Amino acid sequence: MDLAYGPRYEAFREEVRAFLAAHKGRFPPDTGATREQTLAWQALLIDHGYAARTLPRAYGGFGAEPDILESRIIAEEFTAARAPRAMSGQGIAMLVPTLLELGTEAQKQQWIAPTLRGEVVWCQGYSEPGAGSDLASLSTSAVEDGEDFIINGQKIWTSTAAQADMIFCLVRTEPDAPKHAGISYLLFSMKTPGVEVRPLKTMTGRAEFNEVFFTDVRVPKTQMVGARGEGWRVANATLGHERGMLGDPNAAEARLAELIDLMRGERLAGAALIDQPVLRDRLMRLQARVLAMKSNGLRVLTSQIAGESPGLPALIVKLQGCEINHQIAALAIDALGELGVLYGGSPHLRAHGAWQWRYMFDLGLIIGGGTAQIQKNIIAERGLGLPREAR
């Protein structure tokens, strides 16, 4: 069976391979890459159309027409070459598409290009101590004062808040309105007077999350995305992009390739781990799930290119992706045996302890961005049309 994509696409594949071969010496290291290395690689990828490929040139993208097979070829070749992928994160993967959809022209011009280049780092101000799964219950207030809002309140579980330059934040501007109708979506600097960040250390031993406190923080009204009181609609657009980011099939495929390399390189009783029947069986099951995840991702991409709603395929992405990533890390831990339980500064760690860190951190991602239970409710109610959960 000939699985080639045809002469045009195979020529494009050779173009991607040539780029990767020519720039292999510029790959940022898997661990310990400097900011300068990461930003230089991102700029190179954008210039050649391997990052921000279909985003308009006017906003700092490459400006190519959407092409599902080109996107697939890029992902396949980057995985095969073990090449670092383009930067992602909350700004690039979540805010940029939100601004393209709902932002003003001024907001697009100001924020998209520097965000794509990694020059501006963003965090997400959504969850609060009393508003997690029921996000619309948020109470952080924004009171009108001339041409500004004065913000007071608290956010929690805020990833990258300690490193972020900016925040996209949900606030309550109409306290007397129904809870979904009184929310607005603001952009402002994390260096604004009155913003305080307190780290939250997780079981990884690192401060992966933060609390953020706002005390009389002054934000211009012009920094609102969408209309006042309509932030819930903007927030849901961002959440849709977050689910796609957390369930990226290309990232899962790259991680699976790392696991295969690990299992080929490590040996037990003289045989490679990949030749151990029980471990190989688990690996093949995960490989099948990743392939299914890729196929589902192509369904979503096809619908988006056609201007249609992806529907049910899009709803399963976050749940599927986060669970598979955690299971890939779990197999790595199990396959490493006694080395798999090491953590910290042991000289016997593999990949500098990345598998152990991923195993712990990815468990949090199954909860964050909408818990697995909430994702299943969304799939059941919105995707399958089942009766709503009893309240």
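Just so you know, these numbers come straight off a predicted model, no measurement behind them. (Residues numbered from 1 in each chain as written. Predicted model: local features only at pLDDT ≥ 70, side-chain atom pairs only at ≥ 80, totals over all residues. Heavy atoms only, no water.)

> I'd like to hear about the packing of aromatic side chains, residue by residue, with values.
The relation between two aromatic rings is expressed through the spacing of the ring centres and the mutual angle of the planes. Taken as a whole and judged by the stated rule, the model has 12 aromatic pairs. Judged by centre distance (6.2 Å) and plane angle (35°), the ring pair of Phe 19 and Trp 41 falls under tilted. Of this pair, Phe 19 sits in helix H1 (residues 7-22) while Trp 41 sits in helix H2 (residues 35-48), and the two are 22 residues apart along the sequence. You'll find Phe 19 and Trp 41 in the same group, each marked buried. Consider the rings of Trp 111 and Trp 122, whose centres lie 5.3 Å apart with planes at 80°: the pair is edge-to-face. Highlighted residues: Trp 111 in helix H5 (residues 105-116) and Trp 122 in strand S1 (residues 122-125), separated in sequence by 11 residues. Exposure class is identical for Trp 111 and Trp 122. Each is buried. Three or more aromatic residues joined by ring pairs form one cluster here, namely Phe 19, Phe 27, Trp 41, Tyr 50 and Phe 78. Lying across the ring of Phe 62, Arg 57 places its NZ or CZ 5.1 Å from the centre. Here the basic side chain of Arg 358 rests over the ring of Trp 355, its NZ or CZ set 4.8 Å away from the ring centre. (Phe/Tyr/Trp six-rings, centres within 6.5 Å; stacked < 30°, edge-to-face > 60°. Helix = DSSP H or I, 4+ residues; strand = E, 2+ residues; numbered from the N terminus. Buried < 20%, exposed > 50% of the residue type's maximum accessible area, 1.4 Å probe, protein only. Lys NZ or Arg CZ within 6 Å of the ring centre and 35° of its normal.)

> Kindly report on unusual backbone geometry, identifying the contributing residues and their values.
Phi at Trp 157 takes a positive value of approximately 60°, unusual for a residue other than glycine. Even without being glycine, His 352 reaches a positive phi, approximately 55°. The residue His 352 is located in the loop between helix H10 (317-335) and helix H11 (354-367) in this model. The exposed category is assigned to His 352, whose relative accessible area is 63%.

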